[in-house]
There are 2 protein chains.
Amino acid sequence: MDNPFSDEYFMRMALNEAMNAFEQDEIPVGAIIVSNNRILAKTHNLTETLTDVTAHAEMQAITSASNYLGGKYLQNCTMYVTLEPCIMCGGALYWSQITKVVYGASDPQRGFKSKMDSLHPKTEIVSGILAEECGELMKAFFKRKR
Amino acid sequence: MDNPFSDEYFMRMALNEAMNAFEQDEIPVGAIIVSNNRILAKTHNLTETLTDVTAHAEMQAITSASNYLGGKYLQNCTMYVTLEPCIMCGGALYWSQITKVVYGASDPQRGFKSKMDSLHPKTEIVSGILAEECGELMKAFFKRKR
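Treat the numbers as computed from the prediction; the structure is a model and nothing was measured.

This next bit is on the packing of aromatic side chains. Following the criterion strictly, the structure yields 16 aromatic pairs over all chains and no others. Between the aromatic rings of B:Phe141 and B:Phe142, the centroid separation amounts to 5.2 Å while the plane-to-plane angle is 85°, which identifies the pairing as edge-to-face. Residue classification places B:Phe141 among the buried positions, given a relative accessible area of 3%. Take B:Phe142: its relative accessible area is 36%, and that puts it in the partly exposed class. A connected cluster of aromatic rings, assembled from ring pairs, spans A:Phe5, A:Tyr9, A:Phe10 and A:Tyr80.

The following block contains the structure:
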């Protein structure tokens, strides 16, 4: 039997969070942090609601998972996020020493890859999971804004 | 008469915050955000206390000043911070479009300058204010840790 807990499975959960952001007129990015197939954090972008540029989905997910674990380092954890993390979030992921980051759509302009070759040496990076759906949601958001 | 509100004046306030961090066994970095010579935020590193890698002095100062101003963008604001901001904080400062960043000691290994040529095009950067004192406090901290 196939493992039901695939990267697609968790990315769909992150995408669901992004859709919640969309509904709240927030740039639609969602994130999930998982450890041993257990969800530790489920967040979406809240920069408008909180009037705080630091309230990206990833930042909240890191804070939330650390709080749950009672430790600063996200060992044996995977983040699923619908968009390539920006430099700020890439820097935070670096500090967290997270085990794995899986993202959906690429962000050539603002993504961490424009400045950083990698995250922490301990961190595996996977990209392109449900990339089209994640990217289409972003496009729909900015189309609505125009 | 000299302007009493010099860069040194506010950096000394940031250094005082860094000393509070030192007392709490936190990596001693302090930050201040000022607008029209008025203090909007006064913070220090809290990563150990909050078990949260995102709790750098700068991140908290940005959140706090935005909250005070009721807006995401830190127009007409200056951050004074005792250490060159890391990539995460550099990314957050970029998003905030802050008018000016003044830092004390350089951080060639972890500082934003290792990856980013600049912050936001709107942001002026000044470095080296009370650099020696800011750096000595860091050295004293890590010496105590060994």
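Okay, back to it.
All names here are of chain A. Between helix α1 (residues 7–23) and helix α4 (residues 131–145), the least distance of the axes is 10 Å, while the angle of their chain directions is 5°. Between α1 and α4, the angle is such that the two are roughly parallel. Touching Met11, Arg12, Leu15, Ala18, Met19 and Phe22 of α1 are Glu133, Cys134, Leu137, Ala140, Phe141 and Arg144, all from α4. For the contact of α1 with α4, the residue count by class is 9 nonpolar, no polar and 3 charged.

The next subject is the confidence of the model for chain A. Considering every residue of chain A, the mean pLDDT works out to 96; 99% of them sit at 70 or more. Reported confidences for the modelled complex are a pTM of 0.96 and an ipTM of 0.95.

This part takes up the side chain of A:Glu58. Residues and elements named next belong to chain A. For Glu58, the location among the structural elements is in helix α2 (residues 57–69). No salt bridge is formed by the buried Glu58, whose closest oppositely charged neighbour, Arg110, lies at an N-O distance of 13 Å. Apart from residues lying up to four places away in sequence, Glu58 is in contact with Val29, Ala31, Met79, Val81, Leu83, Pro85, Cys86 and Cys89.

In the superposition of chain A on chain B (RMSD 0.0 Å, axial shift 0.0 Å), the rotation amounts to 180°. This pairing of chains is accounted for by a two-fold axis. Using C-alpha coordinates, one finds that chain A approaches the rotation axis most closely at A:Met88, a distance of 1.9 Å. Interface overlap between copies: 100% of the residues of chain A at the interface are likewise at the interface in chain B, consistent with a symmetric, same-surface contact.

Rules behind the numbers
- Residues numbered from 1 in each chain as written.
- Chains lettered and ligands numbered in written order.
- Predicted model: local features only at pLDDT ≥ 70, side-chain atom pairs only at ≥ 80, totals over all residues.
- Heavy atoms only, no water.
- Phe/Tyr/Trp six-rings, centres within 6.5 Å; stacked < 30°, edge-to-face > 60°.
- Buried < 20%, exposed > 50% of the residue type's maximum accessible area, 1.4 Å probe, protein only.
- Axes fitted to C-alpha atoms, helices over the stretch in contact; angles between N-to-C directions.
- Helix = DSSP H or I, 4+ residues; strand = E, 2+ residues; numbered from the N terminus.
- Parallel < 35°, antiparallel > 145°, perpendicular 65-115°, else oblique.
- Contact = heavy atoms within 4.5 Å.
- Nonpolar A, V, L, I, M, F, W, Y, C, P; charged D, E, K, R; others polar.
- pLDDT = per-residue confidence, 0-100.
- Lys, Arg positive; Asp, Glu negative; His and termini not counted.
- Salt bridge = Lys/Arg side-chain N within 4 Å of Asp/Glu carboxyl O.
- Least-squares fit on C-alpha atoms with pLDDT ≥ 70 in both.

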